[in-house]
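This is what each chain is made of:
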Amino acid sequence: MVKPFVPQLVYVEPRALDYSLGKQLVNKFENMGIEIRETTSHNHIRNLPGENDFQRYRMAKSTLVLGLRKTLKFDTSKPSAEYAIPFATGCMGHCHYCYLQTTMGSKPYIRTYVNLEDIFESAEKYMSERAPDITRFEASCTSDIVGIDHLTHTLKHAIEYFGKSKYGKLRFVTKFAHVDHLLDARHNGKTRFRFSINADYVIKYFEPGTSPLKDRIEAAAKVAQAGYPLGFIVAPIYLHEGWREGYHDMFEKLEASLPDAAKKNVTFEFIQHRFTKPAKRVIQKNYPMTKLELDESKRKMKWGRYGIYKYVYSKDEQNEMKQTLEASMNEFFPQASLEYFT
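Residues numbered from 1 in each chain as written. Predicted model: local features only at pLDDT ≥ 70, side-chain atom pairs only at ≥ 80, totals over all residues. Heavy atoms only, no water.

Q: Help me understand unusual backbone geometry in this model?
A: Negative phi is the rule for most residues except glycine; trans is the rule for most peptide bonds. A cis amide bond links A131 to the next residue, P132, at an omega of 10°. Mapped onto the fold, P132 is located in the loop between α4 (116-130) and β7 (135-138). Of note, the amide linkage connecting A235 to P236 takes the cis form, showing an omega dihedral of -10°. Examined against the element boundaries, P236 turns out to sit in strand β10 (residues 230-237). (Helix = DSSP H or I, 4+ residues; strand = E, 2+ residues; numbered from the N terminus.)

Q: Teacher, can you tell me more about the sheet that holds strand β6 (residues 110-113) here?
A: The strands making up a sheet associate through backbone hydrogen bonding, with each pair oriented either parallel or antiparallel. Read from one edge to the other, the open sheet built from five strands follows the order β2-β1-β3-β6-β5, with strand pairing classed as mixed. For this open sheet the edge positions go to β2 (35-38) and β5 (88-89), each flanked by a neighbour on one side alone. Where strand β1 (residues 9-12) meets β2, four bridges bridge the pair, whose relative direction is parallel. Each bridged residue has a counterpart across the sheet, and for Y11 the counterpart in β2 is R37. (Pairing = 2+ DSSP bridges.)

Q: Whenever I open this one, the packing of aromatic side chains confuses me. Can you help?
A: In this description, a pair of aromatic rings is defined by centroid distance and the angle of the planes. Evaluated as defined, the whole model comprises 21 aromatic pairs. On the basis of an interplanar angle of 40° and a centroid distance of 5.2 Å, the ring pair of F137 and F162 is categorised as tilted. A residue pair is termed long-range when its members are at least 10 positions apart, and F137 in strand β7 and F162 in helix α6 (residues 154-164) qualify at 25 residues. For the pair F251 and F268, a centre-to-centre distance of 5.5 Å together with 55° between the ring planes defines the contact as tilted. Here the residue F251 occupies a position in helix α9 (residues 243-257), and F268 occupies one in strand β11 (residues 267-272), the gap between them amounting to 17 residues. As far as burial versus exposure is concerned, F251 and F268 are alike and both buried. Aromatic ring contacts, followed pair by pair, group F172, F193, F195, Y228, F232, F251, F268, F270 and F333 into a single cluster. The ring of Y313 carries the charged tip of R299 above its face, separated from the ring centre by 3.9 Å. (Phe/Tyr/Trp six-rings, centres within 6.5 Å; stacked < 30°, edge-to-face > 60°. Buried < 20%, exposed > 50% of the residue type's maximum accessible area, 1.4 Å probe, protein only. Lys NZ or Arg CZ within 6 Å of the ring centre and 35° of its normal.)

As far as function goes, none of this settles anything; it's purely spatial.
Structure (structure tokens):
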């Protein structure tokens, strides 16, 4: 069992103390005996302890910053939601392949935003503009929000906020099993709780610092029993020796542990492994011993939305990957729906 995250160091923006959540968290961390420092901005944390980049990177992953989310222009690029809703940025996990490695660049520390009222106000405007259509908000585009929520309860507030909304729904995904405080949230079926799952090989070698598959599945069963709509992201789908058996075993374990009621409305999302040249450089710097296969010559180039090439599997490999995983999904979850494969 991976222990719930506790920061080694906390930074606070002065204006964070104008919000009740900011004050609560500062009091909590003071009582826990954690060092608290002031910063002018959550985007400018300097002088992190460590004698070299390797040590400073790991310290950053153990640092929590309390700040304000000033820009509330929500991203519309998500395949399974209309908007991204920003409650946090960064993650304490050490997944070698994660795209946050490049998007966060020199700022791998974890930021949580305490101005929830402002964020909800913006969400309300988006929902009003689209009403009576339902607007779905994705809460985990720049973080694994569950990984810090036992400390902040930001996500719990959001679940209950959307639980009362007429035209809004919430969704997020996690690799962490620390869900007990969310089980009694008044979600009213408006939040889809998703878990990222993978073959044992991928979790063992590429997802250090996250909950094991067994714990994620146990957490998913609890979530299902609490009445949440449930979903799973299989990502990244990674070709390795024995991958077909590995993914089949994953589906088999999942089916054996979930209550029957949860299997009826479950959704799956399949995302193949991909990387960019900038990502490869950052990954090899942060995890120099990684076993992750990053050989461009073994991949197909695909033009990305942000003006940079991605390296994906060949068309034949993608087809086999999709057919293999879809067959296992249909075998164990005949009532499930596949939202997309990308």
